[in-house]
Amino acid sequence: MRFVDEYRSGKVARELSHQIEKLLEPGREYKLMEVCGGHTHTIYKHGVENLLPPGVDLIHGPGCPVCVIPMGRVDDAIAIAERDRVIFTTFGDMMRVPGGNGCLLEAKARGADVRMVYSPLDALRIARENPDREVVFFAIGFETTTPSTALTLLRARAEGIRNFFVFANHVTIIPAIRAILDSPDLRLDGFIGPGHVSTVIGTGPYRFIARDHGKPLVVAGFEPLDVLQAAFMVMLQLAEGRCEVENQYSRVVREGGNPRALEAIAETMELRSTFEWRGLGFISQSALKLREEFGDWDAEVRYDIPGVRVADPKACQCGEVLKGVIKPWECKVFGTACTPEKPIGTCMVSSEGACAAYYNYGRFSRRLETLTT
Amino acid sequence: MLETIERRRRRKPKLTDELITLAHGAGGKSSHVLVEALFLEELGNPLLAPLADAAVFSQNHTRLALTTDSYVVKPLFFPGGSIGELAVNGTVNDLAMIGARPLYLTAGFIIEEGFPTADLRRIAASMGAAARAAGIAIVAGDTKVVERDKGDGVYINTAGIGVLERDVDLTPTNVRPGDQILVSGTLGDHGMAVMVARGNLELEVDLESDTAPLAELVAGLLDATDGVRCLRDLTRGGLATVLNEIALTAEVGIVIDESRLPVRPEVHGACEILGIDPLYVANEGKLMAIVAPEAASAALAALASHEQGIDAEIVGHVREAQPGLVVLETAFGGRRVVDMLVGDPLPRIC
């Protein structure tokens, strides 16, 4: 397929892999974090790790939008979904995320009208078609999905649709990266920066990572060659003693991002003073809520939200996985009590979650791999 | 740790869910747990226990095969077919996969009040045509009508009986390391055609379901070589699910080569956009064959000589290492596990 196959060439990959090998300092261990869940998915789906030389490790970061939603918010979503007259709409991979009181798929089985949508605009269409119902959209995701929620809100207002509500859980990437950089357990050599988020926010906001923390960052696309090339670019910076923000995904990402998307977000949403991240705890100014002008479309204004904080299960080590302190398989419950069928932690739900990606795709470590026949 | 997971995967499943969710009907892990921990436990008998596509039993020195399947599909009519063709071909194919010649089908209809008679006639006509094409007859039936909103237009159940005229055993336990894995054509055509036909994706793709009877294709294959070890039709859950079932049952490892998987560009494109893996998308007119290594080229030639097997490919092999595990060698040069899905494939958000 054109514009896809070019970025999946095994031949080019082997060449890049060889180039990376030449950059290795003997005896040094390299730890690179891919921040974004989309990258984690690509890495496992295509087996990118198999093309990295020993000594170069990929650490999977906090950028999986499903994984960072705390259990209490899932319970809130279920509480809204189970109200009379409500049609609750959500992206598919939130369906199985466990709260303290089960998941949305179970709420649906109990009788709640929960529907999967591909875009908030689909939710708005459902609202238009069901004027006697209240349609709520479970808005989650980083800056990648926030603009589509913002545009949908603007359209709802323009069309005067009053039975459409947004349950906003949008988060922002920079505070999460900052939390990881400030973590005392940190032992990273560099970052593979998010691609889609950067199409919106640009590359400027990452500068502090190179400047203040001395870590190189390369924004990367989502095809396997993109990720491998970004790894090469980080390694090259390390070898040459440089520390910069570079853009591998220049076919899409502009330095200034997408000003119109940023405007739409700014018009409809503002920062919350604080927001809980699954595994990372409360991070100040890390999430968005609807502006007061959009109160008529705000599910948190419309409904009485339980808002009960649910502590992560004790056995769950999602936080340490999200910070890259442990690898998924080092978690006590990985693959035993916590599996994709019965996830305890959110990292096991979405295929972007490090644990699910590892369980589904990579369930043999490179060291244990014995592919001989 | 990896051994612990594998042990756990093979343990007798326990059904802990309090309610049935859609995941239990999606053909993945949850469906398996439901069948094994509930139905097999309550209904268990030696004929049912192998959980094959059809049960085989002897009566007056004749080996007979019996199977049943229910059809619920939205929309009822889609490019390339309708629920009618599916209901005939699906059951015919279940019989064909164990090496039986399909003879007769029954059909049960559960119809929703208010369903247009013209649509029902169209469905019945397509069943008649599919039956003639497959060389079988529908010889008994049943009709029930349920209240409005208590059904999606129409549900169909068919049961089929066939006769085993060849001395073949095509169950997964025959699979041996070194065997070659073939598919009869492009993957995911039916599932993607139906997903697109639902119309809520706003994708415009020219795709048709591949629904077709496979008994003739199977007969040609079994005539060409006696090295066929195992046959399965690629329906719900796709090639990935079928290979996982075989790897677990036969306790073998399976390796497939991504660059040799036949996938139409339209299906590939739609899957990319939706974040769905074509390995898990259903077909209704394709099969997977595992054959002895020396039979591979004869089997490929036999499949490819038939209209329904033009795009047949050898896509992988069976090995001793890592029993129970299906591994994909990616075109990119990496490797990954291909596991069974829990429920329906969930589209990713970004």
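Residues numbered from 1 in each chain as written. Chains lettered and ligands numbered in written order. Predicted model: local features only at pLDDT ≥ 70, side-chain atom pairs only at ≥ 80, totals over all residues. Heavy atoms only, no water.

Peer 1: Help me understand a nonpolar patch on the surface, please; the structure alone is not making it clear to me.
Peer 2: Together, V35, L38, F39, L43, L48 and L51 of chain B give the surface a local cluster of nonpolar side chains, amounting to about 460 Å² of exposed area. Topologically, L48 of chain B is positioned in the loop between helix 2 (29-43) and strand 1 (55-59). (Patch = residues over 30% accessible without salt bridge, like charges linked within 9 Å, V, L, I, M, F, W, Y side chains within 5 Å. Areas by Shrake-Rupley, 256 points an atom, 1.4 Å probe, with all protein chains shown as cover. Salt bridge = Lys/Arg side-chain N within 4 Å of Asp/Glu carboxyl O. Helix = DSSP H or I, 4+ residues; strand = E, 2+ residues; numbered from the N terminus.)

Peer 1: Please clarify how the sheet that holds strand 10 (residues 253-257) of chain B should be interpreted in this entry.
Peer 2: Consider a sheet: its strands pair through backbone hydrogen bonds, and that pairing is either parallel or antiparallel. All names here are of chain B. Sheet architecture is open: seven strands sit in the order 9-11-8-12-10-13-14, paired in mixed fashion. Strands with a single pairing partner mark the edges of an open sheet, and in this sheet they are strand 9 (228-233) and strand 14 (335-337). On average, adjacent strands in this sheet sit at an angle of 25 degrees to one another, irrespective of strand direction. (Pairing = 2+ DSSP bridges. Axes fitted to C-alpha atoms, helices over the stretch in contact; angles between N-to-C directions.)

Peer 1: Any chance you could explain the nonpolar core here in plain terms?
Peer 2: Where a protein is soluble and globular, its nonpolar side chains tend to be buried together. Within the largest apolar cluster, 108 residues are counted, with the highest numbers of intra-cluster contacts made by F164 and Y206 of chain A. Here this core gets seven residues from one element, more than from any other, and that element is helix 14 (residues 354-361) of chain A. Setting aside residues up to four positions removed in sequence, F164 of chain A forms contacts with P120, A123, L124, A127, V135, F137, T152, A156, D296 and W297 of chain A. Listed in part, the 47 residues of the second largest apolar core include L76, I111, V168 and L222 of chain B. (Core = buried A, V, L, I, M, F, W, Y, C linked by side-chain atoms within 4.5 Å. Buried < 20%, exposed > 50% of the residue type's maximum accessible area, 1.4 Å probe, protein only. Contact = heavy atoms within 4.5 Å.)

Peer 1: So what exactly am I meant to see when it comes to helix 7 (residues 173-181) of chain A here?
Peer 2: One turn of an α-helix holds 3.6 residues; hence residues three or four places apart share an orientation. In terms of burial, helix 7 of chain A is a largely internal element, seven of the nine residues being buried. What helix 7 of chain A keeps buried is the set I173, I174, P175, A176, I177, I180 and L181 of chain A.

Peer 1: Just checking my understanding: could you explain helix 6 (residues 215-224) of chain B for this structure?
Peer 2: All names here are of chain B. Regarding helix 6, the residues found buried are A215, L217, V218, L221 and L222. Projection of helix 6 onto a plane perpendicular to its axis shows the buried side chains occupying an angular sector of 160 degrees, all on one side. Exposed side of helix 6, more than 90 degrees from the buried face: E216 and D223 are the residues found there. Where helix 6 is buried, its residues touch helix 3 (83-96), strand 5 (101-112), strand 9, strand 11 (287-291) and helix 9 (296-304). (Arc of directions from axis to C-beta.)

Peer 1: Can you help me understand the packing of helix 3 of chain B against helix 4 (residues 117-134) of chain B in this one?
Peer 2: Pairs of packed helices are described in terms of their axes, by the angle between the two and the distance that separates them. Residues and elements named next belong to chain B. Two elements in contact, helix 3 and helix 4, have axes separated by 7 Å at closest approach and are oriented at 30 degrees. Judged by the inter-axis angle, helix 3 sits roughly parallel to helix 4. Crossing of helix 3 against helix 4: the hand is right-handed. Residues I83, G84, E85, A87, V88, N89 and V92 of helix 3 touch helix 4, and the partners they reach there are I123, S126, M127, A130, A131 and A134. Residue composition of the contact of helix 3 with helix 4, by class: nine nonpolar, three polar and one charged. (Parallel < 35°, antiparallel > 145°, perpendicular 65-115°, else oblique. Left-handed = near helix turned anticlockwise from the far one by under 90°. Nonpolar A, V, L, I, M, F, W, Y, C, P; charged D, E, K, R; others polar.)

Peer 1: Would you take a moment to explain empty space enclosed by the protein for this structure?
Peer 2: Regions of empty space are outlined by a rolling probe, equal in size to a water molecule, passed over the atoms. Residue and element names in this part refer to chain A. Applying the stated criterion across every chain yields a total of three cavities of 30 Å³ or more. One number sums up the size of the second largest cavity: a volume of about 60 Å³. Around the second largest cavity sit C316, Q317, C318, V321, C331, V333, F334, C338, G345, C347, M348 and C355, which together line it. Among the residues forming the lining of the second largest cavity, the class breakdown is 10 nonpolar, two polar and no charged. (1 Å grid on protein atoms, 1.4 Å probe; cavity = no way out; pocket = protein on both sides within 12 Å on 5 of 7 lines; lining within 4 Å. Points joined across faces, edges and corners; volume = space filled by probe spheres on them.)

Peer 1: Could you clarify how one ought to interpret the confidence of the model for chain B in this entry?
Peer 2: Parts of the prediction with low pLDDT should not have their coordinates interpreted in detail. Here chain B averages 92 in pLDDT, and 95% of its residues register 70 or above. Quick note on the complex model: pTM equals 0.87, ipTM equals 0.81. (pLDDT = per-residue confidence, 0-100.)

Peer 1: Help me understand the state of the cysteines in this model?
Peer 2: Two cysteines, two sulfur atoms, one covalent bond between them: this is a disulfide. Residues and elements named next belong to chain A. A full pass over the atoms with the stated rule returns one disulfide over all chains. In this structure C318 is a free cysteine whose sulfur lies 3.4 Å from that of C316, the closest cysteine sulfur available. We classify C318 as buried; its relative accessible area is 5%. Free of any disulfide, C338 has its nearest cysteine sulfur in C355, 6.4 Å distant. Exposure remark for C338: the relative accessible area of 7% places this residue in the buried category. (Disulfide = S-S within 2.5 Å.)

Peer 1: Explain the environment of A239 of chain A to me, please; I cannot follow it from the model alone.
Peer 2: Along the chain, A239 of chain A turns up in helix 10 (residues 224-240). Between the C-alpha atom of A239 of chain A and that of K22 of chain A, which follows or precedes it by 217 residues, the distance is 9.9 Å.

Peer 1: Before we go on, may I ask you to explain the domain arrangement of chain B in this structure?
Peer 2: Quite often, the size of an interface is put as the accessible area lost when its parts meet. All names here are of chain B. Here the domain parsing of chain B yields domain 1 (1-44), domain 2 (56-164) and domain 3 (172-337). Placing the centre of domain 2 and that of domain 3 at their C-alpha centroids yields a distance of 24 Å. Contacts between the two partners involve 19 residues from domain 2, matched on the other side by 20 residues from domain 3. Taken as a group, P79, N93 and M97 account for 35% of the area that domain 2 buries against domain 3, more than any other trio of residues on that side. At the boundary of domain 2 and domain 3, one finds zero salt bridges. Connecting domain 2 to domain 3 are five residue pairs in polar contact (both at pLDDT 80 or more). When residues in the side of domain 2 that touches domain 3 are grouped by element, the largest group, eight residues, is from helix 3. When its residues are assigned to classes, the side of domain 2 that touches domain 3 shows 10 nonpolar, six polar and three charged. (Domains from an automatic or database assignment. Buried area = accessible area lost by both parts, 1.4 Å probe. Polar contact = N/O pair within 3.5 Å; in protein donor to acceptor, adjacent residues only side chain to side chain.)

Peer 1: So what exactly am I meant to see when it comes to the side chain of T172 of chain A here?
Peer 2: Relative to the helices and strands, T172 of chain A is located in the loop between strand 6 (164-170) and helix 7. Dropping the residues within four chain positions of it, T172 of chain A is found in contact with F142, E143, W277, Q285, S286, A287 and L288 of chain A.

Peer 1: I'm lost on unusual backbone geometry in this one. Help?
Peer 2: Generally, phi is negative for residues other than glycine and the peptide bonds are trans, each holding for most cases. Note the cis peptide between K74 of chain B and P75 of chain B, where omega equals 0 degrees. Along the chain, P75 of chain B turns up in the loop between strand 2 (62-71) and strand 3 (77-78). Residues other than glycine seldom take positive phi values, yet Q285 of chain A does so here, at roughly 50 degrees. Along the chain, the position of Q285 of chain A falls in the loop between strand 12 (281-284) and strand 13 (288-290). Despite not being glycine, E251 of chain B has its phi angle at roughly 50 degrees, a positive value. For E251 of chain B, the location among the structural elements is in the loop between helix 7 (238-250) and strand 10.

Peer 1: It is not clear to me how the confidence of the model for chain A should be interpreted in this structure. Could you clarify?
Peer 2: Taken over all residues, the pLDDT of chain A has a mean of 91, while the share at 70 or more is 97%. Below a pLDDT of 50 lies the segment residues 365-373 of chain A, which in the model reaches 24 contacts outside its immediate sequence neighbourhood of four places, other chains included.

Peer 1: Just checking my understanding: could you explain the side chain of T152 of chain A for this structure?
Peer 2: Mapped onto the fold, T152 of chain A is located in helix 6 (residues 146-159). Excluding anything up to four places from it in sequence, T152 of chain A contacts P120, L121, L124 and F164 of chain A.

Peer 1: Could you clarify how one ought to interpret the pattern of salt bridges in this entry?
Peer 2: Where charged atoms from two side chains of opposite charge approach closely, those side chains can pair. Per the counting criterion, the structure on display carries 39 salt bridges over all chains. In this structure, D113 of chain A and R115 of chain A form a salt bridge, with 3.0 Å as the shortest nitrogen-oxygen distance. Under the relative-accessibility criterion, R115 of chain A is labelled partly exposed at 29%. Across the pair K150 of chain B and E147 of chain B runs a salt bridge, and its minimum N-O distance is 3.9 Å. No difference in accessibility class separates K150 of chain B from E147 of chain B, as the two residues are exposed. Overlapping salt bridges bring together E240, R242, E244 and E246 of chain A as one network.

Peer 1: Please explain the environment of P216 of chain A as it appears in this structure.
Peer 2: Residue and element names in this part refer to chain A. Along the chain, the position of P216 falls in the loop between helix 9 (207-213) and strand 8 (217-219). The class for P216 is buried, based on a relative accessible area of 1%. Along the primary structure P216 and G295 are separated by 79 residues, whereas in three dimensions their C-alpha atoms are 41 Å apart. Contact partners of P216, with chain neighbours within four places excluded, come to D189, G190, F191, V234, Q237, L238, C243 and E244.

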